[in-house]
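Fold and geometry: a report
Next come the chains, spelled out residue by residue.
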Amino acid sequence: MAGNKRPPALFRNLNAKIAAMPMIATVLVVFIGCTVWTVVYSFTSSRSLPMLNFVGFDQYTRLFNASRWNVSVKNIAIYGCLSLVFSIVVGFILAVLMDQKIRFENTFRTIFLYPFALSFIVTGLVWQWILNPLGIEKVVRDMGFESFNMSLLTDRSLVIYAIVIAGLWQGTGLVMALMLAGLRNIDEEIWKAARVDGIPTWKTYVFVIIPMMRPVFVTTLVLIATGIVKLYDLVVAMTNGGPGISSDVPAKYVYDFMFAWANLGQGLAASTVMLTTVLIILIPWAMFEFGGRKAK
Amino acid sequence: MAEATAIQDRSLTHAEPWGAKPKRMFAPATVMVYSILIVAALYYLLPLYVMVMTSLKGMPEIRLGNIFAPPVEVTFEPWVKAWSQACTGLYCEGIRTGFWNSVKITIPSVIASIIIASVNGYALSNWRFRGSEVFFMILLFGAFIPYQVMLYPLVIITRELGIFGTLTGIVVIHTIFGMPILTLLFRNYFASLPPELFKAARVDGAGFWRIFLQIMLPMSLPIFVVAVILQVTGIWNDFLFGVIFAGTPNFPMTVQLNNVVNSVQGVKEYNVNMAATILTGAVPLLIYFFSGRYFVRGIAAGAVKG
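Under an unreviewed UniProt entry, the name given to chain B is Carbohydrate ABC transporter permease, and the source organism is Phyllobacterium salinisoli. Regarding chain B, the UniProt comment filed under Sequence similarities (unreviewed entry) reads as follows: "Belongs to the binding-protein-dependent transport system permease family." In UniProt, chain B has this text filed under Subcellular location (unreviewed entry): "Cell membrane".

Per an unreviewed UniProt entry, chain A carries the name Sugar ABC transporter permease and comes from Phyllobacterium salinisoli. UniProt, in its Subcellular location (unreviewed entry) section for chain A, records the words "Cell membrane". Of chain A, the UniProt comment under Sequence similarities (unreviewed entry) reads exactly: "Belongs to the binding-protein-dependent transport system permease family."

Right under this line is the structure:
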């Protein structure tokens, strides 16, 4: 800073700068420093200790060839697509229904939102119990359908869908609350105008309200998407990646390589790929959201 | 579609004269709306119901019976066992250790993160300096970086500082990662207060800290409540930071719960597991039920842009 030449500039508003010190330190050391560190060391062959012996893209080549990583990516893609589509569609429909001046609105909202107050660990363990063979499967079999099979948690190709079910149960309420807030922000005049013109309600929603709520949808999308990339606790609680590696996700891959198997370079490379994914989601959004505002 | 229009008709008539209007309680559209909402509500309530019912049954009844059936013989044994005898690895002290660890982690983390973020938000809204907005933008973007990217360097930093695997360490970590959302929350709140108040206080000669303590703080109780709720639930529910930074003797309740339920050895006692799960979820759930409005405001704050 030019502060050394003009001391008053640096010391002006000094209290505010002191108050902002934790933020400045966090930004510089954690958000910028740690991220750069991780990216740099992802190009090294570090095993249990970080060492600066660069090996180019070796870790990345190994990563993209690792079957476990590819399973993780496939899982997160399935989980991501399904939970994005379902939570937004279901969340929006619930919000629309809640917006019909219904009675007991508070009760319904409390019910839809309470899972969001619970941790992913609790969510995962509850659904593990419900989906286990003594759970729903047994109930249906006892009703006389002896051959009924719902082994979501033990079937390698289905286990990720069990995680999707649990994730949706936990997160849809949040989408509903955000959408409902968005619907409440729509001017009542719009509805009156649509009614005067004789436009059916569903058409008003699809062609007028949804386009008007674009910022809400975009924000919700970004929130859910960045949450999806972080998915970890739910998998650990529900299946711990199993059976085998069939419900593994990138965040768990990173954790295992870094902390359990002392293969640091590999874990760092995987986490750098996660970061890149988030940036690909985030940068267009930031340009959409803040680029336009600066032009004003 | 006539049904859907009917709903809209009813909802829009409120702009017209007040007073008793004839209500069609059982219009087909209304019935449809309520039935969908009720079915959805049942789906959302089901896991909570199953948790409670399972935790009140004995093991024989669980093996024979139906998870949806209420207990024939209500027993509180699983709750006692979950609290004080359930095993995690070598120790069989129940999840009360985890409960108290979570309390010990949550209270200082909530206090530290809120003090730092509120002062920071106040500086950012009323005392901007060169670069303050840039730092704030990076801070907000930092909230989207996957934690996995920063975990290992943070392990090194905390180890160098000698706080890795300690209560202080986990408190620092929670303070750091709570900063983006809390700062946003406080900055926006302070910016929404009438600027005349701030100007008048400055004219009267009050400085940075005095304005904060005597003018801003007394006016911002609601936002502090929102921040406390947000942080208590967030930190209580944390798993990843707890498992890495807290150290084995300080494992929070979520970590201990996962160890109890997913431990490989021994016979699985589903009733004890469910009781332990409820106990772990109880703190955020109680906060949620008693503070509904503030809770919604807190999570909405995360979505509303600054």
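1. Structural notes on the overall build of chain B
In terms of regular secondary structure, chain B is built from 14 helices and zero strands. Traced from its N-terminal end to its C-terminal end, chain B shows the element sequence α-α-α-α-α-α-α-α-α-α-α-α-α-α. A total of 306 residues make up chain B; the buried ones form 43% of that total. In chain B, once contacts between residues fewer than 6 apart in sequence are set aside, the share between residues at least 24 apart is 74%.

2. Description of the UniProt feature "domain: ABC transmembrane type-1" (unreviewed entry) in chain A
According to UniProt, the positions carrying the feature "domain: ABC transmembrane type-1" (unreviewed entry) are residues 73–285 of chain A. The distance from the first to the last C-alpha atom of residues 73–285 of chain A is 22 Å, and the span holds 75% helix and 0% strand.

3. Remarks on the domain arrangement of chain B
By a frequent convention, interface size equals the accessible area lost on bringing the separate parts together. All names here are of chain B. Taken domain by domain, chain B holds domain 1 (2–55) and domain 2 (96–303). If you look at the interface, domain 1 gives four residues, while domain 2 gives six residues. Taken together, the residues of the side of domain 1 that touches domain 2 sort by class into two nonpolar, two polar and no charged.

4. Quick word on the interface of chain A and chain B
Between chain A and chain B, the residue contacts involve 79 residues of the former and 76 residues of the latter. Class assignment for the residues of the side of chain A that touches chain B results in 56 nonpolar, 15 polar and eight charged.

5. What to know about the UniProt feature "domain: ABC transmembrane type-1" (unreviewed entry) in chain B
Here the UniProt-annotated "domain: ABC transmembrane type-1" (unreviewed entry) positions come out as residues 99–291 of chain B. The span residues 99–291 of chain B is 79% helical and 0% strand by assignment, and the distance between its end C-alpha atoms comes to 21 Å.

6. Considerations on the nonpolar core
Core analysis: the biggest nonpolar cluster contains 157 residues, and Ala-162, Ile-163, Leu-231 and Ala-270 of chain A together with Leu-185 and Ala-276 of chain B have the highest contact counts within it. Sort the elements by how many residues they give to this core and helix α9 (residues 159–184) of chain A lands first, with 15 residues. If you count residues domain by domain, this core takes at least three from each of domain 1 (2–55) and domain 2 (96–303) of chain B. Ignoring any residue separated from it by four or fewer positions in sequence, one finds Ala-162 of chain A in contact with Trp-127, Leu-131, Leu-152, Leu-153 and Met-238 of chain A.

Criteria and thresholds
- Each residue is numbered by its place in its chain's sequence as written, counting from 1.
- All chains are assigned letters beginning at A, and all ligands numbers beginning at 1, according to the order in which they are written.
- Residues qualify for local features only when their pLDDT is at least 70, as the model is predicted, and side-chain atom pairs are given and counted only at 80 or more; totals for whole chains, interfaces and linings, by contrast, use all residues.
- UniProt positions are given in the numbering used here, feature names are shortened, and annotations may be inferred rather than shown by experiment.
- Note on conventions: DSSP H or I runs of at least 4 residues are helices, E runs of at least 2 residues are strands, and numbering of each starts at the N terminus.
- As a rule, residues whose C-beta atom has 12 or fewer other C-beta atoms within 10 Å are exposed, those with 20 or more are buried, and those in between are partly exposed; C-beta atoms are placed from the backbone.
- Residues are defined as contacting one another if the C-beta atoms placed from their backbone atoms lie within 7 Å.
- Each domain's extent is set by a domain assignment, obtained either automatically or from a database.
- Residue classes follow a fixed rule: Ala, Val, Leu, Ile, Met, Phe, Trp, Tyr, Cys and Pro count as nonpolar, while Asp, Glu, Lys and Arg count as charged, and any other residue, Gly among them, counts as polar.
- Nonpolar cores are identified as sets of buried Ala, Val, Leu, Ile, Met, Phe, Trp, Tyr and Cys residues joined via C-beta atoms within 7 Å.

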